[in-house]
Amino acid sequence: MSTNPVRAALLRRQPTIGTWIQIPHPSVAELLAQAGFDWIAVDGEHSGIVAPQMADLFRGMYGRGSVPLVRVRENDTLAIRECLDLGAQGVIVPLVNNAAEARRAVAAAKYPPAGVRGFCFSRMNNYGVDFAAYAAAANEQTAVVVMIESREAVEQVDAILAVEGVDGVFIGPYDLSGSYGIPGQTTAPPLMAARQRVLAACAAAGKSAGLHVVDPRPEALQEAVAEGFTFIAVSADIILLSQAARSCLATVRQATQRP
Ligand code: 3PY
Ligand code: MG
């Protein structure tokens, strides 16, 4: 198993820039990997993408330099194991509220004795050809990032970060805004205060802070970097496509309406 540069960067609090896939076609993975993202997360929670499609998306990234990650369907041992067996080099686990839930996520991603991941022959170890090498390296090379998406998670962030094997936390701004009773108001003062709380906890724990910048306005991306986030997800395939299409169309419509 090759070294996972994303996990190495997480542990050193160095920046990595990723993006998000919700469209289950390998061309999307090829296009985004070619664009040069450090990592690409396949969204298993909100897209309907299923396991065989994930494997094809990883194949699209293969050889193009982007590390394949998955935002797993839920904090569940089978959901996490399945994605790793298909070749994900790390998991982003949604809706982790406290240390016990963080420990459950880490355990699912690590082989015994550190965790409860089951051994098998599958895509991640070249169908068993590289069984021994993968089994020896996987716990060190597999990234585990847990999502902070609730008020409870913000309050418990120090305990979550103290869990061994949590390489970083990643704020889901929309669920977080919903948890504060202001869905969609992702930059309202309580949300910005929550971000600062999470950033300070990460600095104290020496672990990485991540943010999904869903609407990729340049100012929002610059602000995320300036605040201190290092694990940054830039938008998602559906949004990048939608925004580019609307923007080009608006330009042409405007041009064609000139007298
Ligand atoms: C959220 O904003 O809740 C997310 O999960 C973004 O990935
Ligand atoms: Mg969410």
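Trainee: Provide a residue-level description of the overall build of the protein chain, including the pertinent values.
Mentor: From N to C terminus, the protein chain includes twelve helices and eight strands. Against the globule reference of 18 Å for 259 residues, the protein chain gives a C-alpha radius of gyration of 18 Å, in line with a compact fold. Expressed as lengths along the three principal axes of its C-alpha atoms, the size of the protein chain is roughly 70 × 40 × 30 Å. With 259 residues in all, the protein chain has 52% of them scored as buried. Sequence separation of 24 or more characterises 62% of the internal contacts of the protein chain that already satisfy a separation of 6 or more. Here the protein chain has roughly 11,700 Å² of accessible surface; of this, 56% comes from carbon and sulfur atoms. If you average the places of the 21 positive and of the 24 negative side-chain charges in the protein chain, the two averages end up 3 Å apart.

Trainee: Please set out the site of ligand 1 residue by residue, giving values where relevant.
Mentor: Every residue lining ligand 1 is accounted for by W20, R71, M147, E149, G172, P173, Y174, D175 and H212. Taking P173, its main chain carries an N or O atom lying 3.1 Å from an oxygen atom of ligand 1. D175 is positioned such that a nitrogen or oxygen atom in its backbone is 2.8 Å from an oxygen atom of ligand 1. Top contributing element to the shell around ligand 1 by residue count: helix α9 (residues 173–179), with three residues. Each residue belonging to the shell around ligand 1 can be placed in one class, and the counts come to four nonpolar, two polar and three charged.

Trainee: Tell me what's going on with helix α5 (residues 99–109), and back it up with residues and numbers.
Mentor: Among the residues of α5, those classed as buried are A99, A102, A105, V106, A107, A108 and A109. The N-cap residue of α5 is N98: its side-chain oxygen and the backbone nitrogen of A100 are 3.3 Å apart.

Trainee: Talk me through the environment of V169; I want residue IDs and the actual numbers.
Mentor: Topologically, V169 is positioned in strand β6 (residues 168–171). Spatially, the C-alpha atoms of V169 and G210 are 5.8 Å apart, while their sequence positions differ by 41 residues. Those residues in contact with V169 that lie beyond four places of it in its chain are V145, V146, I148, I160, L161, V198, C202, S208, A209 and G210.

Trainee: Run through unusual backbone geometry, naming residues and quoting values.
Mentor: Going from P112 to P113, the amide bond is cis rather than trans, its omega being 5°. Within the fold, P113 resides in the loop between α5 and α6 (131–141). Of note, N126 is a non-glycine position whose phi angle comes to about 50°, a positive value. Assignment of secondary structure puts N126 in the loop between α5 and α6. A residue is classified by how much of its surface remains accessible, and N126, at 41% relative accessible area, is partly exposed. Although it is not a glycine, Y127 sits at a positive phi angle of roughly 60°.

Trainee: Tell me what's going on with the coordination of the magnesium ion (ligand 2), and back it up with residues and numbers.
Mentor: Surrounding the magnesium ion (ligand 2) are the protein donor atoms E149 (OE) and D175 (OD), which sit 2.0 to 2.1 Å from the metal. Remark: D175 occurs in helix α9 and E149 occurs in the loop between β5 (143–148) and α7 (151–155); sequence separation between them is 26 residues. Taking relative accessible area as the criterion, D175 reaches 32% and is therefore assigned partly exposed.

Trainee: Could you give me a rundown of the nonpolar core, with the residues and numbers involved?
Mentor: One finds I21, I80, V146, I148 and V169 to be the most contacted residues of the largest nonpolar core, which totals 61 residues. I148 has contacts with A153, V154, V157, I160, V169, F170, I171, G172, L176 and V198, leaving out every residue within four places of it along the chain. The next biggest cluster of nonpolar side chains, apart from the first, holds 15 residues, and it includes A41, L69, I92 and A143.

Trainee: Give me the sheet that holds strand β8 (residues 231–234): which residues, what numbers.
Mentor: Taken together, the eight strands give a closed barrel; going around it, the order is β1-β2-β3-β4-β5-β6-β7-β8, and neighbouring strands pair in parallel fashion. Ignoring strand direction, the axes of neighbouring strands in this sheet form an average angle of 25°. Pairing between strand β7 (residues 208–213) and β8: four bridges, direction parallel. Considered in β8, the bridge of H212 is made with A233. Along the sheet, helix α11 (residues 218–227) contacts β7 and β8; its crossing angle with β7, the most-contacted strand, is approximately 170°.

Procedures and definitions
- Residues numbered from 1 in each chain as written.
- Chains lettered and ligands numbered in written order.
- Predicted model: local features only at pLDDT ≥ 70, side-chain atom pairs only at ≥ 80, totals over all residues.
- Heavy atoms only, no water.
- Helix = DSSP H or I, 4+ residues; strand = E, 2+ residues; numbered from the N terminus.
- Rg over C-alpha atoms; globule rule 2.2 N^0.38 Å.
- Buried < 20%, exposed > 50% of the residue type's maximum accessible area, 1.4 Å probe, protein only.
- Contact = heavy atoms within 4.5 Å.
- Areas by Shrake-Rupley, 256 points an atom, 1.4 Å probe, with all protein chains shown as cover.
- Lys, Arg positive; Asp, Glu negative; His and termini not counted.
- Charge placed at Lys NZ, Arg CZ, Asp CG, Glu CD.
- Near = heavy atom within 4 Å.
- Polar contact = N/O pair within 3.5 Å; in protein donor to acceptor, adjacent residues only side chain to side chain.
- Nonpolar A, V, L, I, M, F, W, Y, C, P; charged D, E, K, R; others polar.
- Donors = N, O, S within 2.8 Å, 3.2 Å for Na, K, Ca; no water.
- Core = buried A, V, L, I, M, F, W, Y, C linked by side-chain atoms within 4.5 Å.
- Pairing = 2+ DSSP bridges.
- Axes fitted to C-alpha atoms, helices over the stretch in contact; angles between N-to-C directions.

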